[in-house]
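# Residue-level structural notes
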2 protein chains.
Amino acid sequence: MTAKRINPDLQRERDAATIDPEELTRIIFDGAKELDKKRKLEDAVFSDPDYKSIPLNFMSREEQYEEGIRRSAIAVTKKEALGDLIENHNDLISYNTLACGDITAFGIHDSMFTDVIKRMSSGALRQKLLQKTINYEIIGTYAQTELGHGTFLRGLETTAHYDPNTQEFVLNSPTVTSTKWWPGALGKTSTHAVVLAQLYTQGKCHGIHPFVVQLRSLEDHKSLPGITLGDIGPKFGYGANDNGFLRLNNHRIPRENMLMKYSQVAPDGTYTKPPKAELTYGTMTFIRSMIVRASAFGLARGTTIAIRYSAVRRQSEMRPGEPEPQVLSYPTQQYKLFPLLATAYAFFFVQKKMVETYSVVNQQINDGDYTRIQELHGLSSGLKAFTSWATNVGLEICRMSCGGHGYSMSSGFPKLYVDFTPNCTYEGENTVLLLQTARFLVKSLKEGKRGAKLPGTVAYLSSNVTELRARATSAGRDLKDPRLLVALYKERAMRQIMFASDKVEAARSEGLDLVGALNRASVHLVRAANAHSHLLVVENFHEKLQELKVSQKLKKTLLQMFQLYALDGITNCSGEFLEDGILSGTEVKAIRQYVVELLPLIRVNAVALVDAFDFRDEVLDSVLGRYDGNVYEELLKWALSSPLNKTDVHPSYDKYLKPLLHRNRSKL
Amino acid sequence: MTAKRINPDLQRERDAATIDPEELTRIIFDGAKELDKKRKLEDAVFSDPDYKSIPLNFMSREEQYEEGIRRSAIAVTKKEALGDLIENHNDLISYNTLACGDITAFGIHDSMFTDVIKRMSSGALRQKLLQKTINYEIIGTYAQTELGHGTFLRGLETTAHYDPNTQEFVLNSPTVTSTKWWPGALGKTSTHAVVLAQLYTQGKCHGIHPFVVQLRSLEDHKSLPGITLGDIGPKFGYGANDNGFLRLNNHRIPRENMLMKYSQVAPDGTYTKPPKAELTYGTMTFIRSMIVRASAFGLARGTTIAIRYSAVRRQSEMRPGEPEPQVLSYPTQQYKLFPLLATAYAFFFVQKKMVETYSVVNQQINDGDYTRIQELHGLSSGLKAFTSWATNVGLEICRMSCGGHGYSMSSGFPKLYVDFTPNCTYEGENTVLLLQTARFLVKSLKEGKRGAKLPGTVAYLSSNVTELRARATSAGRDLKDPRLLVALYKERAMRQIMFASDKVEAARSEGLDLVGALNRASVHLVRAANAHSHLLVVENFHEKLQELKVSQKLKKTLLQMFQLYALDGITNCSGEFLEDGILSGTEVKAIRQYVVELLPLIRVNAVALVDAFDFRDEVLDSVLGRYDGNVYEELLKWALSSPLNKTDVHPSYDKYLKPLLHRNRSKL
């Protein structure tokens, strides 16, 4: 393979960089060894002709679905041959992602279904299913949400009535709204599902419990009697996924198909409740940290495409006779993209912190110490919402920064966006999550006032406001000083939490109960949780900067990224820094100018900073973001291979167009 | 036809409304007579079985394209039979939009191509093409943008060299980047194109001129020799449109095919230049006002779907045993949707104002008075960018406010978004437009300082800052007073323009030329133009409120909408109001609370306010936004008819899934 000629504009950017992108890549991928493994996995997948196909964007939804099944099926056997390259569950997920992209058919099976069977099955059920699950002799999904019920788990309507005469559960979807809706791979692919249903036994409802339901015959894949299921129809994205619906009509399953690790129904119908209710926090935190990671890498992809393309694209002669400048040279373009680039790094570091915190708290929980569970929940909920919303908005800014070509599927942006945006809704709708974080913050503030010692991420809420303020408003201060910036964010968060908290108190003093008061103040609570999450990102970025052992040049560049992230964040919500005098108007204006002055400094390394994310072209899947920058030739090639170009004259000409164009001829 | 039962939650909202939506509908659609015509046109189209098909979301791109051709072709003949209902060009566009939706194949033909032929053709060319164009014996498109060239017209590379020997132009696409790219209906549909190319004659380049090029044979639709063209491939949206590419290789066209109304090339090659260069401002303003209208109606559609669905959707028990509240009752949901509803009305009124201003200035231009051309350009550029960006963001907020179901194609949101978002990019990329507006503002400020009288929308820039400020900061002021709110926005815009202007001056004093100084200050200039456009929307909404002759109840509701729009706008960029002390921190906090207090007042009429937009279900095309609110039953029906549900077992089972699931059996 000879290297293709690199677009000279892009090459010039790389040559001018002061940092070595590889140094940063090693940090992002946890050291040279892990990075090496990642690249070997990529080589293994992308050199395999079995994983090649025409672009997914040229396929119909049915074709995409079929391609997903095809790749997922071969990936099962191929990965067994890779030996050392797949050491753990993470490697497995990486391999599947590379091999199947976003069209994996077994994503839910590999994660949630297998996990639930491993953790919650016991006895005969475990005997029956565990090995088949691991061997892909059955394919499972996880059926929780219903047509009329999402966030509020207790509102689910599917019922499981225990019949002691036959020792079976009778499952029903009693209403239209109780139809299971959305589970991935439920419509056409899965043979089994973990179904969440209201458990009734001995005339009493015991709330939501999980049951394993076989959906389709293992002989011919036909749906079983008493079961109506199918695909829920096309969506914004995830075209290849048969997200499905399921209705149960007096469908009977053996008693042992209830997942009885934590609660049980005895043969006579006697119910035993679980020992402790909220042990699911941990898993949820882990999944949410994965969404923060997806946010970081989403922005990394978006900025990689947009920054490389902006280096190649030339537009608008500034002065007659001068060449058109690279779009990347315009301050307005830098102002769109560089803060998002800084955000990608900020989110990346905060995700590492989340995983660390998760692991510490998990250890504490195992040791019987539950003190930090709530903090962990508040942390993960807030960061999931904060980072996914920022990324959602940021990806569209990246796309539109590429002008018209960003709108073409060839840019990679449309797919990137539609596949990312559900992160704002699933695993806890963002507004609901921020309200949960806020509730914890309001409670912590109150406890802090009473002198209680608060855990790590909310410890600042026990500080005295005046003291915090003094730190943030010391004279002769340098507005680019990272420590000052962190103190400013802390002060701002504290004040937003106090403001919301006051509104809750005001509502209570009018006679509302706590639930009513929290609801009335909810708009302010969301703002407070947002300010807190923003602080966590800024503070953590700063801490990481101090910890990292890197070259001076890289350190300097990362400091610029930190400053841009923190300063730009201030200008975007400057009101919250001004309203209590934490910053003066003069200072806000100065910060606005600092942001603009940082842009050309970062520009020097912009391409290197996105190269460091180490996206292979096959992963990036963007004509605009190609490593070699040969954008225009490839756009033309891509278009020529588009399905509408199979024939010069489209069949609709004879059917509809010709009769119209020629209609006056026949009159002659 | 018996009326379907209305969802009782939705009916209750309608019964509780204090306003009559029909009164508002008459205002939106310019009176009872026009409204009646609109509804008759809708009846004509939606009662016609020829315009029915399966949902477009269930079709492949090829099928969508073919359906577009089919409907567009029959619409040509059907509309001729409608007589009085189609009186003018607007009616024609309305009819086509209803009949063909966004899949019209002749959109560019009906607007730009026909317009250019009418305005710019003369002599033999007019004789040859005008009647055929009107009769749809030829279909035309408008080929301006190129693969490497969008915003900057002078950078286009396509060449047209005049050959006096044969009296022909020789057209060429000399580079890859000169490939014409994006024109609608160019790929497969059009027989002709107006091609913009650099005109060379007698050894000299005379810049960009329009030429008519026949692309395809009128006998069999095959592309002609010397012409390579096709579809540019799938995009984020507009699946049915064959946006195309075109390469010209020594393609000869007769001299008369140049559009010679304004400039000419004589048979011997002598060039005559046009009398006046910038007469295109008018048309551009008109098209941009159409985008502002699209913004208003885009948000109207989005809020109609989201607000109706939020009235039907119940979620999360607040207190044990209580019913789950309507999502519409949550302050956080109201806070997402009601400001967008207010924005829809604000944009709607400002678009009316644009059309009025356009008509006044157009009259002045016809009378030889060019004084307001620049103002009109500044106004239309700024408002196009400001409103399309706000709508772009707002539509996604609406979609996500519907939770998971917003992500389904059945919600109507995905299509609404992808079809709207190009408005931010075409007809002038938004950032570029705001910079043009800003340049006009900086110039006006300077002239105002020198004592020049400034035209209407920028007259405030000649006021004395202290005076403006005194008006905005009078003691004992009522922060909900509309006049005060307008004054505050004026003061804020003025100060942002002054700030940006100072930065331009600072750069000039460092020795940069004007272009360089404007470029260096461009980030600040965009902010200034944004603040100015925001003011125009607020000020105009206030003026309209005073002019409208409506019932007291409606007036009160519209005043609430105005207050919400203006107050919420302040909280979203409160820093710009605080930094110069126009508002105090205490006032900003009070405004934040006013916004929250306005929400339940607006809630009473929220459904009525969206009903007033008068979207028929066929137009809204959203299961979530149905007038009758029967969301869940219809979602299930919609899913059942989805193509993946044609068979219980998908064909990929036998091909790929069965061999995997059964692989261990064969080992036995």
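Residues numbered from 1 in each chain as written. Chains lettered and ligands numbered in written order. Predicted model: local features only at pLDDT ≥ 70, side-chain atom pairs only at ≥ 80, totals over all residues. Heavy atoms only, no water.

Taken as a whole, chain A shows an average pLDDT of 94; of its residues, 96% reach a score of 70 or greater. Interface confidence for the predicted complex, given as ipTM, is 0.96, next to a pTM of 0.97. (pLDDT = per-residue confidence, 0-100.)

Our next topic: the sheet that holds strand β7 (residues 227–231) of chain B. Taken in spatial order, the three strands make up an open sheet running β4-β8-β7 (chain B), and their pairing is antiparallel. Sheet topology places β4 (180–181) and β7 of chain B at the edges, where each strand pairs with a single neighbour. Here β4 of chain B pairs with strand β8 (residues 244–248) of chain B via two bridges, running antiparallel. Bridging from a neighbouring strand, W181 of chain B pairs with F245 of chain B of β8 of chain B. The sheet strands contacting helix α22 (residues 631–640) of chain A are β4, β7 and β8 of chain B, and the helix crosses β8 of chain B at an angle near 115 degrees. (Pairing = 2+ DSSP bridges. Helix = DSSP H or I, 4+ residues; strand = E, 2+ residues; numbered from the N terminus. Contact = heavy atoms within 4.5 Å. Axes fitted to C-alpha atoms, helices over the stretch in contact; angles between N-to-C directions.)

With that settled, consider the relation of the copies chain B and chain A. At an RMSD of 0.0 Å, chain B and chain A line up after a rotation of 180 degrees and a shift of 0.0 Å along the axis. Put plainly, the chains are arranged around a two-fold axis. For chain B, the minimum C-alpha distance to the rotation axis belongs to G575 of chain B and amounts to 1.8 Å. The residues that chain B uses at the interface reappear at the interface of chain A in 100% of cases, marking a shared surface. (Least-squares fit on C-alpha atoms with pLDDT ≥ 70 in both.)

To continue, consider the interface of chain B and chain A. The extent of an interface is frequently quoted as the accessible surface area lost upon association of the parts. In this assembly, 141 residues from chain B lie in contact with 142 residues from chain A. A combined buried area of about 12,000 Å² lies between chain B and chain A, and 60% of that area is made up of carbon and sulfur atoms. It is F236, Y407 and R592 of chain B that lose the most area in chain B upon contact with chain A, and together they represent 7% of the buried surface on that side. At the junction of chain B and chain A, the tally comes to 20 salt bridges. For the pair chain B and chain A, the number of links is 62 residue pairs in polar contact (both at pLDDT 80 or more). Its residues assigned to classes, the side of chain B that touches chain A shows 55 nonpolar, 44 polar and 42 charged. (Buried area = accessible area lost by both parts, 1.4 Å probe. Salt bridge = Lys/Arg side-chain N within 4 Å of Asp/Glu carboxyl O. Polar contact = N/O pair within 3.5 Å; in protein donor to acceptor, adjacent residues only side chain to side chain. Nonpolar A, V, L, I, M, F, W, Y, C, P; charged D, E, K, R; others polar.)

Before going further, it helps to spend a moment on the packing of aromatic side chains. Residue and element names in this part refer to chain A. With the rule as written, the count across this model stands at 42 aromatic pairs over all chains. Between F297 and F348 the ring centres are 6.3 Å apart and the planes differ by 80 degrees, which places this aromatic pair in the edge-to-face class. Remark: F348 occurs in helix α9 (residues 331–366) and F297 occurs in helix α8 (residues 281–312); sequence separation between them is 51 residues. Considered together, F297 and F348 belong to a single accessibility category, that of buried residues. (Phe/Tyr/Trp six-rings, centres within 6.5 Å; stacked < 30°, edge-to-face > 60°. Buried < 20%, exposed > 50% of the residue type's maximum accessible area, 1.4 Å probe, protein only.)

Let us now look at the sheet that holds strand β8 (residues 244–248) of chain A. Read from one edge to the other, the open sheet built from three strands follows the order β4-β8-β7 (chain A), with strand pairing classed as antiparallel. Whereas interior strands pair on both sides, the edge strands pair on one side only; in this sheet they are β4 (180–181) and β7 (227–231) of chain A. Pairing geometry for β7 of chain A and β8 of chain A, over five bridges, is antiparallel. Following the sheet pairing, D231 of chain A is matched in β8 of chain A by G244 of chain A. Packing of helix α22 (residues 631–640) of chain B onto the sheet brings it into contact with β4, β7 and β8 of chain A, and relative to β8 of chain A it is tilted by some 115 degrees.

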